[in-house]
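So the chains spell out like this:
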Amino acid sequence: MMTADVKRFLLHLGMEKRVSDATIKAYRGDIAQFLDFLAVSLDRRPRPDDLDTLAVRSFIAYLSREGYTSRSIARKTASMKSFLSWCARDGIIGKDPSVAVSPPKRRRDLPVIAGARAIERMMGLPDASSRGIRDRAVLELLYGTGMRLAELVGCRLGDWDVESGTVRVIGKRDKERILPVGGEAAEACERYLRDRTGAPAVVFSSRRNYRSHFEGALGTPLVTGRGGLAISRRTIQRIARRYLEQVATLTRMSPHVLRHTFATHLLDAGADLRAVQELLGHASLETTQIYTHVTTERLREVFDKAHPRA
């Protein structure tokens, strides 16, 4: 019974809440872990009446004993609470047992970023082959616009406005943003499309020329993988990891590092916090403020090293 309920809940997330595939996958894994924990504890498959406050608290305690970080526990608890709340609303259980349960306080880790020199070196690494030209375009777009991995995967030829120097992306919960595409990113993107499609330079001189040349193909992916399909998430992750590993020693090597770096470098250069919030597509300014802590931390390091009475 619970398996069917979980499937309906995940369908609800996708169809009604419009959450991303990656988020649905995370929810599926977290809820499965919770139900598996109950199955082991009860020595049978859990039933709806087993979903009580004791089960919720026991699962959180189990995660803590197993050494999960506060960040992971907070996410898994949020997944579980969301599922149980839906079960109560749908009449599967009498009341939500997780209402009185709070996740452990989450220590907010500072984002992992690369330095400006590392980014400069990284952009010089891709070679002149078709794959290298594509890799450079991917790196420049991620760092130059701050877009998310999924947003890059979803970009279409028609989303790039060569005349205004912007690109349209669809973010979380289908929210649309228009992002500026700077000189280096625009040049890398043009070089990639010319190499991929054989389009002459004049195509990129105006919006009219661009749309006329790619008429009928504006709905196709901006960056492609095998078979002309949209580049995969895994390929983008491999690209980011491959080049970051060559220029920096970081605790994480992912496309999101380039997004973090984009935001931090903007704030380092004096950009307005609310403008960075808009560029990143954060619903809350509080989410963006984490980058000010990175900037402050860097300033503190400079002060401690340089000031004679620090």
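Coordinates for the structure precede this section.
Residues numbered from 1 in each chain as written. Predicted model: local features only at pLDDT ≥ 70, side-chain atom pairs only at ≥ 80, totals over all residues. Heavy atoms only, no water.

> Provide a residue-level description of the overall build of the protein, including the pertinent values.
The helix and strand inventory of the protein stands at 14 helices and 3 strands. Overall size of the protein, expressed as C-alpha extent along the three principal axes, is 65 × 65 × 30 Å. With 310 residues in all, the protein has 43% of them scored as buried. Restricting to contacts in the protein with at least 6 residues of sequence separation, those with at least 24 account for 60%. Accessible area for the protein stands at about 17,400 Å²; split by element, carbon and sulfur atoms hold 50% of it. (Helix = DSSP H or I, 4+ residues; strand = E, 2+ residues; numbered from the N terminus. Buried < 20%, exposed > 50% of the residue type's maximum accessible area, 1.4 Å probe, protein only. Contact = heavy atoms within 4.5 Å. Areas by Shrake-Rupley, 256 points an atom, 1.4 Å probe, with all protein chains shown as cover.)

> Quick rundown of the packing of helix H6 (residues 130-145) against helix H11 (residues 255-268)? Include the residues and the values.
Two numbers describe how H6 lies on H11: the axes approach to 7 Å, and their chain directions differ by 40°. As summarised for this structure, H6 and H11 are arranged oblique, according to the angle between their axes. As for how H6 packs across H11, the hand of that crossing is right-handed. Between H6, through Leu139, Leu142, Tyr143, Gly144 and Thr145, and H11, the contact on the second element is made entirely by Pro255, Leu258, Thr261, Phe262 and His265. (Axes fitted to C-alpha atoms, helices over the stretch in contact; angles between N-to-C directions. Parallel < 35°, antiparallel > 145°, perpendicular 65-115°, else oblique. Left-handed = near helix turned anticlockwise from the far one by under 90°.)

> So what's going on with helix H10 (residues 233-247)? Which residues, and what values?
If you check H10, its first and last C-alpha atoms are 22 Å apart, about what 15 residues at 1.5 Å a residue would give, namely 21 Å. Looking only at H10, the buried set comprises Thr235, Ile236, Ile239, Ala240, Tyr243, Leu244 and Val247. Down the axis of H10, the sector holding all buried residues measures 155°, keeping them to one side. Packed against the buried residues of H10 are helix H5 (116-123), H6, helix H7 (149-154) and H11. (Expected span 1.5 Å × (residues − 1). Arc of directions from axis to C-beta.)

> Summarise the pattern of salt bridges; cite the residues concerned and give the values.
Summed over the entire model, instances satisfying the criterion amount to 18 salt bridges. In this structure, Asp30 and Lys76 form a salt bridge, with 3.2 Å as the shortest nitrogen-oxygen distance. Separated by 46 residues along the polypeptide, Asp30 in helix H2 (residues 21-42) and Lys76 in helix H4 (residues 70-89) bring together distant segments of the chain. Like Lys76, Asp30 is buried. When salt bridges with common partners are traced through the structure, they connect Asp5, Arg8 and Asp90 into a single cluster. (Salt bridge = Lys/Arg side-chain N within 4 Å of Asp/Glu carboxyl O.)

> Describe the pairing of strand E2 (residues 166-170), naming the residues involved and giving the relevant values.
In this sheet, E2 lies alongside strand E1 (residues 160-161) in antiparallel orientation, the contact comprising 2 bridges. Within E2, the position partnered with Asp161 by the bridge is Thr166. Where E1 folds back onto E2 in an antiparallel hairpin, the turn is made up of 4 residues, including Gly165, whose phi is positive at roughly 70°. Of the pairings in the sheet, the one linking E2 to strand E3 (residues 176-180) comprises 5 bridges and is antiparallel in character. Bridge assignment links Val169 to a residue of E3, and that residue is Arg177. (Pairing = 2+ DSSP bridges.)

> Quick one: what's the story with the packing of aromatic side chains, residue by residue and with numbers?
Per the stated rule, a full pass over the model turns up 13 aromatic pairs. When the centroid spacing of 6.4 Å and the interplanar angle of 20° are considered together, the rings of Phe83 and Trp86 count as stacked. Taken as a pair, Phe83 and Trp86 lie in helix H4 at a separation of 3 residues, close to a single helical turn. Using a relative accessible area of 0% as the deciding quantity, one classes Phe83 as buried. The buried category is assigned to Trp86, whose relative accessible area is 6%. What links up through ring pairs into an aromatic cluster is the set Phe9, Tyr27, Phe83 and Trp86. (Phe/Tyr/Trp six-rings, centres within 6.5 Å; stacked < 30°, edge-to-face > 60°.)

> Tell me about the side chain of Arg177, and name the residues and values.
Among the structural elements, Arg177 can be located in strand E3. In this structure, Arg177 is in contact with Met147, Arg148, Glu151, Val167, Arg168, Val169, Gly171, Arg259, Glu278, Leu279, Leu280 and Gly281, ignoring residues within four places of it in sequence.

> Outline the sheet that holds E2, listing residues and values.
The pairing of strands in a sheet happens through backbone hydrogen bonds and is either parallel or antiparallel. One open sheet holds the 3 strands; their spatial order is E1-E2-E3, and the pairing between them is antiparallel. Two strands bound the open sheet, and with one partner strand each, they are E1 and E3.

> Explain the state of the cysteines residue by residue, including any values.
Counted under the stated rule, the structure contains 0 disulfides. Counting only cysteine sulfurs, Cys189 is the nearest neighbor of Cys155, a cysteine outside any disulfide, at a range of 8.5 Å. For Cys155, a relative accessible area of 1% puts it in the buried group. (Disulfide = S-S within 2.5 Å.)

> I'd like a description of the nonpolar core, backed by residues and values.
Grouped together as the largest cluster of nonpolar side chains are 57 residues, with contacts concentrated most on Met122, Trp160, Phe204, Tyr210 and Leu222. Counting residues per element, this core draws most heavily on H6, which supplies 6 residues. Discounting residues that sit within four places of it in the chain, Phe204 has contacts with Trp160, Val162, Glu190, Leu193, Arg194, Ala199, Tyr210 and Phe214. Core analysis: the second largest hydrophobic core is formed by 27 residues, Phe34, Phe37, Met80 and Phe83 among them. (Core = buried A, V, L, I, M, F, W, Y, C linked by side-chain atoms within 4.5 Å.)

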